[in-house]
Amino acid sequence: VRDIVLTPGEHLSGKVVDHNQAPVMNANVKILESCCANATTDSNGEFEFPGSYVGPICLLITAPGASPRIVKTFVGPGVTPLVYQLEEGQRQTFEFVDPSGNPVQGVNVVATKWAEHYFGYFGPLAISDSFGRIDWSSAPREAVDYIVLHKDYAQQTIKRLSPRGTPYRMTLYPKSSITVTFR
C-alpha cells in the first residue's frame, strides 16, 4: 500500500483593470488547466485562488464589455500579485435566418477556439433574440471558432471569424432525418 500525500498549494492572486487602469468588478478568472478553478474579482478588481498548484498556468480573464484575455503565468513561492489589463471589447454581431429569410430565435453560439486555445466550453455567448440577432460586445480582436446550435436546425461550425463593422448573416437549414431499416 502506497500513501498519497497532498501538499498545500501556493496562493495565486492578482488584480484586473480595464483599458483606463480602473479596477474591473465581477471579472471572471479561470485557470485553464483546471475544470473548476474559477474566481470573481471584487470591487477593487482583486481575485485569489488559495491553494493553487505550483507551476506554469494559463488564466482566462473575461468581463462584460472587455475583450477576453489569456495570460501565461507561474504559481510558486514568493510570486507577487500581478495586474492584468483588459482591452475594450470588440463588437461581433450575428444574424440568423431560415432558408426563407425569416429570423431564427433561440440560436445558441458557443466559442470553441481562440488564440490557439481550445475550449470545450467558452460560451455560450448569447442566444439569438426575436430578430435572430446576437450582439456580443466582449469579443476579442483575434479570430474565434464557433459552433452554432438550435434544436430545429443543423449544427454549424464557423472557423476563424473576426469582429467587423457589419453583422455576419447566417442561413440555418432544418435538421435532416434519416430512416434506417435493419434486416
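Residues numbered from 1 in each chain as written. Predicted model: local features only at pLDDT ≥ 70, side-chain atom pairs only at ≥ 80, totals over all residues. Heavy atoms only, no water.

S.K.: Looking at this structure, I do not really get the overall build of the protein chain. What am I missing?
M.R.: Secondary structure summary: the protein chain contains zero helices and 15 strands in total. The proportion of buried residues among the 183 residues of the protein chain is 40%. (Helix = DSSP H or I, 4+ residues; strand = E, 2+ residues; numbered from the N terminus. Buried < 20%, exposed > 50% of the residue type's maximum accessible area, 1.4 Å probe, protein only.)

S.K.: What exactly am I supposed to notice about the packing of aromatic side chains here?
M.R.: The description of an aromatic ring pair uses the distance of the two centres, along with the angle that the planes make with each other. Under the criterion given, the structure shown has five aromatic pairs. With centroids separated by 6.0 Å and ring planes inclined at 70°, the aromatic side chains of Phe47 and Phe49 adopt a geometry described as edge-to-face. Judged on exposure class, the residue Phe47 and its partner Phe49 are both buried. On the basis of an interplanar angle of 80° and a centroid distance of 5.3 Å, the ring pair of Phe94 and Tyr146 is categorised as edge-to-face. With Phe94 in strand E8 (residues 90-97) and Tyr146 in strand E13 (residues 144-150), this residue pair connects regions lying 52 residues apart in the sequence. The residues Phe94 and Tyr146 share a single accessibility class, namely buried. Three or more aromatic residues joined by ring pairs form one cluster here, namely Phe94, Phe96, Trp136 and Tyr146. (Phe/Tyr/Trp six-rings, centres within 6.5 Å; stacked < 30°, edge-to-face > 60°.)

S.K.: Is there a simple way to think about the sheet that holds strand E1 (residues 10-17) in this case?
M.R.: Strands in a sheet are paired, the pairing made by backbone hydrogen bonds, and the direction either parallel or antiparallel. Taken in spatial order, the three strands make up an open sheet running E4-E1-E7, and their pairing is mixed. The open sheet has two edge strands with one neighbour each: strand E4 (46-52) and strand E7 (82-85). Adjacent strand axes in the sheet meet at a mean angle of 25° when their direction is disregarded. Judged from the five bridges that link them, E1 and E4 form a sheet pairing that is antiparallel. Among the inter-strand pairings, Gly14 is bridged to a residue of E4, identified as Phe47. (Pairing = 2+ DSSP bridges. Axes fitted to C-alpha atoms, helices over the stretch in contact; angles between N-to-C directions.)

S.K.: I tried to follow the sheet that holds strand E2 (residues 28-31) on my own but got confused; where do I start?
M.R.: In spatial order, the strands read E3-E2-E5-E6; together these four strands make up an open sheet with antiparallel pairing. Of all strands in the sheet, those bounded by a partner on one side alone are strand E3 (38-40) and strand E6 (69-75). Each adjacent strand pair in this sheet contributes to an overall mean axis angle of 25°, direction not counted. Inspection of the sheet shows strand E5 (residues 55-62) paired to E6 by seven bridges, in the antiparallel sense.

S.K.: Whenever I open this one, the side chain of Thr73 confuses me. Can you help?
M.R.: Looking at where Thr73 falls in the secondary structure, it is placed in strand E6. In this structure Thr73 comes out as buried when scored by relative accessible area, which is 12%. Every residue in contact with Thr73, bar those within four places of it in the chain, is listed here: Gly55, Pro56, Ile57, Leu59, Leu82 and Tyr84. (Contact = heavy atoms within 4.5 Å.)

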